[in-house]
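The lines below spell out each chain.
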Amino acid sequence: MKRAVVLVLDSFGIGGALDAAEFGDQGADTLASIALACAEGRADLINGDVSSTSNKRFPMSRTGPLLLPNLAKLGLFHAHLASTGQLAAGVSLPDTVIGSYGHAQEISSGKDTPSGHWELAGVPVLFDWGYFLDTEHSFPASLVADLIAQAKLSGILGNCHASGTTILEQLGEEHVRSNQPICYTSADSVFQIAAHEQHFGLERLYEVCEVARELLMPYNIARVIARPFVGETPADFTRTGNRRDYSIKPPAPTVLDKLVTERQGQVVSVGKIADIYAHSGITKNVKATGMDALFNASLAELARAGDNTLIMTNFVDFDSSFGHRRDITGYAAELEAFDRRLPELLAQLAPSDLLILTADHGCDPSWPGTEHTREQVPVLCIGAGLTAGSLGQRDTFADIGQSLAQYFGTSPMDYGTSFLSE
């Protein structure tokens, strides 16, 4: 029986991207930055404390060096060492490694979520996305006018580059008073729309996003993101789990599509995976918010999975709650919480199952600004007859998609080299 689980630790880069300087990210290293802060005592979290910038309360405390024993056994720190040539501060290599580990370079043109995920599924983005480069008055006047007219709005707020949490503090109250959605962008190919779930309405927000998605097609913008929030004052405005991404479809069939069409398989999306692939190649979409809920849903789907099933989960909080918010303490605590749950998943795997842990880009929480960082990502695998040890440098994220194609017996992908046959 063939069952695969792919867990994407959104933004968990391990440094060393060969082309990082082209993106202004030379030296960025998400794992190393977190480990260094932990080793220096700058990421301690006392029981019940609120993480510094995410406003997320962690039920357990964390102090001292970064503690990821289960990821380490799968080869995380070995992969990071191979990627950068340096061991992360405060960590040590385990005596025994049970996983196959490597580090992968991105060949897609951007460092955004769709590009990373599509490449993981065997379809790198070799074209340039459209971007809104002006930090103020970011959107063309004609686009704004069309959005207002077609979505029946009295106007929009924002129209700038912004951090998603900061702009709520700045414009949230005005949004509630005016009933005008907050529209903003970033260095990514994205058009984000924030609105209050009660005062504006969640379904109304989705309707506006659907209008925006159509209007943005000529601009080649990768995603429109609905950013609903709740609260009554800037101090308590909080984004909810009802986010929705409106992506365009990948330019070629992904390994997800091939599994469904060629092998009559099942592809289960947990979290925002379905949105990232524009629901192409997805047979079941499971919604969950928060690391524990996402992990629980993944375990439940694995328990009921039959032959030719791929379960793919995106752990978005690493990126949205901690990476973008430059919250090193929160990122460290979330990594350790994730690591504590890994034995549950490992215990549920059959010998023929394939588990892959990876990421889609970096988001170094020590880096200037709030954007993603161009980094290599870990490739940590176990099962399916793989021998524990190094998979070496992977020249593209698409090696994961090619390996899944070989595992499930679909036609090969156009990009990538399978590591199952090495």
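Right above here is the structure, for reference.
Every chain is numbered independently, its residues counted from 1 as its sequence is written. With pLDDT at 70 or above as the cut-off, local features in this predicted model cover only qualifying residues; side-chain atom pairs require 80 or more to be listed or tallied, and sums for whole chains, interfaces and linings still use all residues. For side-chain calculations, the full set of non-hydrogen atoms in the structure is used, while hydrogens and water are omitted.

**Student:** How should the pairing of strand 11 (residues 309-315) be read in this particular structure?
**Tutor:** Moving residue by residue along a regular strand, the side chains alternate between the two faces of the sheet. When you tally the buried positions in strand 11, you get 7 out of 7 residues, the bulk of the element. Residue burial is assigned from relative accessible area. The probe radius is 1.4 Å, only protein chains are included, and a residue is buried under 20% of its type maximum, exposed over 50%, and partly exposed in between. Here a helix means four or more residues in a row that DSSP labels H or I, a strand means two or more in a row labelled E, and each is numbered from the N terminus. Burial along strand 11 is two-sided: the residues Thr 309, Ile 311, Thr 313 and Phe 315 and Leu 310, Met 312 and Asn 314 are all buried. Bridging between strand 1 (residues 3-9) and strand 11 involves 7 bridges; their strand directions are parallel. The partner of Leu 9 across the bridge, within strand 11, is Phe 315. Pairing between strand 9 (residues 266-270) and strand 11: 5 bridges, direction parallel. Looking at the pairing, Val 270 lines up with Thr 313 of strand 11. Only when DSSP finds a minimum of two bridges between them are two strands counted as paired.

**Student:** Just checking my understanding: could you explain the pattern of salt bridges for this structure?
**Tutor:** Side-chain pairs of opposite charge can arise where the charged atoms are in close proximity. Criterion for a salt bridge: a side-chain nitrogen of Lys or Arg within 4 Å of a carboxyl oxygen of Asp or Glu. Applying the stated criterion across every chain, the model contains 17 salt bridges. One salt bridge in this structure joins Arg 62 and Glu 336, with 3.0 Å as the shortest N-O distance. One end of the pair, Arg 62, is in the loop between helix 1 (30-39) and helix 2 (69-74); the other, Glu 336, is in helix 12 (residues 328-348), with 274 residues separating them in the sequence. Across the salt bridge formed by Arg 394 and Asp 399, the nearest N and O atoms sit 2.9 Å from each other. For Asp 399, a relative accessible area of 5% translates into the label buried. Because the salt bridges share partners, they merge into one network encompassing Asp 19, Glu 106 and Arg 374.

**Student:** Is there a simple way to explain the packing of aromatic side chains in this structure?
**Tutor:** Ring pairs shown here join Phe, Tyr and Trp side chains whose ring centres sit within 6.5 Å, with only the six-membered ring taken for Trp; geometry is labelled stacked below 30 degrees between planes, edge-to-face above 60, and tilted in between. Enumeration according to the criterion identifies 15 aromatic pairs in this entry. Pairwise contacts between aromatic rings join Phe 12, Phe 295, Phe 315, Phe 318, Phe 322, Tyr 331 and Phe 338 into one cluster. One residue, Lys 2, lies across the ring of Tyr 407, its end atom 5.0 Å from the ring centre. Over the aromatic face of Tyr 206 sits the side chain of Arg 244, whose NZ or CZ is 3.8 Å from the ring centroid. Charges are assigned to positions over rings by a cutoff of 6 Å between ring centre and Lys NZ or Arg CZ, combined with an angular limit of 35 degrees from the ring normal.

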